[in-house]
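# Descriptive analysis of the structure
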Amino acid sequence: MSTDPHGTRLPIKLDTTSNGEFVPVPLTSANREANRRAHEAAARNARWLDISKRDFLVSACGAASTLLAFNAANAAAGKTGGFFDVAADAALDRQLARVQVGAAKDEFIFDVQGHFIDTPKGNAKGPEVFIKDVFMDSDTDMMVLSFVPSTRDAEPVTIQAADAVRRIVEKLEGTHRLLLHGRVNPNQAGDLETMDELKERWGVSAWKTYTQYGPGGRGYFLTDDVGVRFVEKARALGVKVICIHKGLPFGQRSYEHSQCSDIGPIAKRFPDVKFLIYHSGFVSSLAEQPYDPDAKRDGIDTLIRSLLESGVKPGSNVYAELGSTWRFLMRDPEQAAHAMGKLIRYCGEDNVLWGTDSIWYGSPQDQIQAFRAFQIAPALRAKHGYPEITPALRAKIFGLNGARVYGLSAAEVKKFAGRDRVAREKAAYLERPDPHFMTYGPKTRREFLSLLERGGA
């Protein structure tokens, strides 16, 4: 192994990394204990199997052992409402571990929120790093490249750069691997007018907008005149998928626009448009709890409240996306149980979408493995009406729901992706995989502020 030969990094990453849109949140004592237990278990299990710690951590047993350590630390902290459903024997049984944290034969993973960061690693260039992280070191089949908020003359990643990455993947015969968003902030001069070019020249599959972003730090609501014009323009162009950043507020700047009060009304007004709520309204500084209509809490509850007040039923045209939300909630499976339970119950099991916000968080494989094993405790399911995370429900969230939103056949994409050059190169690579288990986003407040100064988010 050329990367991390001593096994200092865990395959499931609990750290402070953010996507550059919120200040990194320190680990809790339970998180630190989880990491400590995971390293201790990895060293012990590696000795038992007579392999190096690094080789153990790269294996499916390494992921299973790590998740088991997280369970133990959370239980010791009194957090049992959500857990990773992994058998104890999977820490040493390679075949069992592959069953519990590995890919199912027909699994389709469609990440509807990915990001390209031109971050070289060693001698590799940004696109090479991206392809390795997303398609070699994870089980992701397909991804949508999205964008961060920016002015028109200072975009950290342009549509041209994103398209260049798509073309590189297409040269590897991965013609079904990447879709593109078109960034639109309709309260910014010129953005509405360039929607035609984004569709015709760049072939965007959806629009990405930040309602809390705009001139002078002032955002907008989708129900404002400018928001309605944006939705009507999207309809006229025939690209009727709109992805809206909600939650993960930019400090107090236009905070009210980061909440979801406008989602129910706009979805009710335009039932033929699909509204994808990026981050699902999640706020990292607030603990997710059961939905309480009288509490008027922030976070995901603002989305649920808006849907209920507008009469937008589960399975309608509003979709909850998990980018950064699931990644953060992996640190606290009990909060994750409330968040996932609420979203599935109130948005519908066909309306929760897999997204990872990678590659800010490095390869999304750890998020995938954790979600494969995640379960809501029976006591919480009985008390709050949350669903069991069954294999069928997991498959919907991982990719089938996203395919339906974008008008794709998951079976057809899987067929082509299974025999393209990306797949062939991956098969050869997996004979001796070398994942780095690193992240790229800011990990401290200082790094976060530095990224903002450079226009990175």
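Scroll up to find the structure this text is about.
Residues numbered from 1 in each chain as written. Predicted model: local features only at pLDDT ≥ 70, side-chain atom pairs only at ≥ 80, totals over all residues. Heavy atoms only, no water.

Right, let's get into the packing of aromatic side chains. A full pass over the atoms with the stated rule returns 14 aromatic pairs. Both rings, one in Tyr291 and one in Tyr346, keep their centres 5.6 Å apart while their planes meet at 65 degrees; by these two values the pair is edge-to-face. With Tyr291 in the loop between strand 7 (274-278) and helix 11 (300-310) and Tyr346 in helix 13 (residues 333-347), this residue pair connects regions lying 55 residues apart in the sequence. With respect to burial, Tyr291 and Tyr346 carry one shared label: buried. The rings of Phe84, Trp326, Trp354, Phe371, Phe374 and Phe398 are connected pair by pair, giving a single aromatic cluster. Here the basic side chain of Arg394 rests over the ring of Phe371, its NZ or CZ set 5.9 Å away from the ring centre. (Phe/Tyr/Trp six-rings, centres within 6.5 Å; stacked < 30°, edge-to-face > 60°. Helix = DSSP H or I, 4+ residues; strand = E, 2+ residues; numbered from the N terminus. Buried < 20%, exposed > 50% of the residue type's maximum accessible area, 1.4 Å probe, protein only. Lys NZ or Arg CZ within 6 Å of the ring centre and 35° of its normal.)

Take the pattern of salt bridges next. Here the idea is simple: oppositely charged side chains can pair when their charged atoms come close. If you walk through the whole model with that rule in mind, you get 29 salt bridges. Residue Lys426 pairs with Asp139 through a salt bridge whose shortest N-O separation is 3.7 Å. Residue Lys426 is located in helix 18 (residues 421-429), and its partner Asp139 is located in the loop between helix 5 (126-136) and strand 3 (142-145); the two are separated by 287 residues in the primary sequence. Asp301 is paired through a salt bridge with Lys342; the nearest N and O atoms lie 2.7 Å apart. Here Lys342 lies in helix 13 and Asp301 lies in helix 11, a separation of 41 residues in the sequence. In this structure Asp301 comes out as buried when scored by relative accessible area, which is 1%. Connected through shared salt-bridge partners, Glu33, Arg36, Arg37 and Glu40 make up one network. (Salt bridge = Lys/Arg side-chain N within 4 Å of Asp/Glu carboxyl O.)

Turning next to unusual backbone geometry. Glycine aside, the phi torsion of most residues is negative, and most peptide linkages are trans. Of note, the amide linkage connecting Ser358 to Ile359 takes the cis form, showing an omega dihedral of 25 degrees. Its location among the elements puts Ile359 in the loop between strand 9 (352-353) and helix 14 (365-373). For Ser254, which is not glycine, the phi dihedral falls at a positive 50 degrees. Residue class for Ser254 comes out buried when judged on its relative accessible area of 7%. In the Ramachandran plot, Ser324 falls in the positive-phi region, its phi being about 65 degrees despite a non-glycine side chain. Relative to the elements of secondary structure, Ser324 occurs in the loop between strand 8 (318-321) and helix 12 (325-329). Here Ser324 falls in the buried class, since its relative accessible area comes to 2%.

A few words now on the sheet that holds strand 6 (residues 241-245). Taken in spatial order, the eight strands make up an open sheet running 2-3-4-5-6-7-8-9, and their pairing is parallel. Pairing within the sheet leaves two strands with one partner each, and these edge strands are strand 2 (110-114) and strand 9. Pairing analysis gives three bridges linking strand 7 to strand 8, with the strands arranged parallel. Pairing of Leu276 across the sheet is with Tyr319, part of strand 8. (Pairing = 2+ DSSP bridges.)

Now for the packing of helix 1 (residues 29-49) against helix 3 (residues 60-76). Running from N to C, helix 1 and helix 3 cross one another at 140 degrees; their axes reach a closest spacing of 8 Å. One way to sum up the angle between helix 1 and helix 3 is to call them oblique. When the axes of helix 1 and helix 3 are compared, the crossing they make is right-handed. Judged by residue contacts, Ala30, Glu33, Ala34, Asn35, Arg37, Ala38, Ala41, Ala42 and Asn45 of helix 1 engage Ser65, Thr66, Ala69, Phe70, Ala72, Ala73, Asn74 and Ala76 from helix 3. Of the residues assigned to the contact of helix 1 with helix 3, the class counts are ten nonpolar, five polar and two charged. (Axes fitted to C-alpha atoms, helices over the stretch in contact; angles between N-to-C directions. Parallel < 35°, antiparallel > 145°, perpendicular 65-115°, else oblique. Left-handed = near helix turned anticlockwise from the far one by under 90°. Contact = heavy atoms within 4.5 Å. Nonpolar A, V, L, I, M, F, W, Y, C, P; charged D, E, K, R; others polar.)

In this section: the nonpolar core. Core analysis: the largest hydrophobic core is formed by 111 residues, its most contacted members being Phe130, Trp207, Phe275, Leu303 and Trp326. The next biggest cluster of nonpolar side chains, apart from the first, holds 18 residues, and it includes Phe108, Phe110, Tyr319 and Val405. (Core = buried A, V, L, I, M, F, W, Y, C linked by side-chain atoms within 4.5 Å.)

Following the sequence through the fold, Thr16 ends up in the segment before helix 1. In this structure the side chain of Thr16 is engaged in a polar contact, spanning 2.7 Å, whose partner is the backbone oxygen of Lys443. Beyond its immediate chain neighbours, meaning those up to four positions away, Thr16 contacts Pro24, Val25, Pro26, Leu27, Arg331, Pro442 and Lys443. (Polar contact = N/O pair within 3.5 Å; in protein donor to acceptor, adjacent residues only side chain to side chain.)

Across the interface, helix 3 lies against helix 4 (residues 94-101) with an axial gap of 8 Å and an inter-helix angle of 70 degrees. Classed by the angle they form, the pair helix 3 and helix 4 counts as roughly perpendicular. Crossing of helix 3 over helix 4 shows left-handed handedness. For the pair formed by helix 3 and helix 4, the contact residues are Ala60, Cys61, Ala63, Ala64 and Leu67 on the first element and Arg94, Ala97, Arg98 and Val101 on the second. A breakdown of the residues in the contact of helix 3 with helix 4 according to their chemical character gives seven nonpolar, no polar and two charged.

The next subject is helix 13. Across its 15 residues, helix 13 extends 20 Å between first and last C-alpha, which sits within 8% of the 21 Å expected from 1.5 Å per residue. Here helix 13 lies mainly inside the structure; 13 of its 15 residues are buried. (Expected span 1.5 Å × (residues − 1).)

The subject of this paragraph is helix 8 (residues 225-237). Over its 13 residues, helix 8 extends 18 Å from the first C-alpha to the last, a length consistent with the 18 Å expected when each residue adds 1.5 Å. Looking only at helix 8, the buried set comprises Val226, Gly227, Val228, Phe230, Val231, Ala234 and Leu237. Residues of helix 8 that are buried make contact with helix 7 (195-200), strand 5 (206-210), strand 6, helix 10 (263-269) and strand 7.

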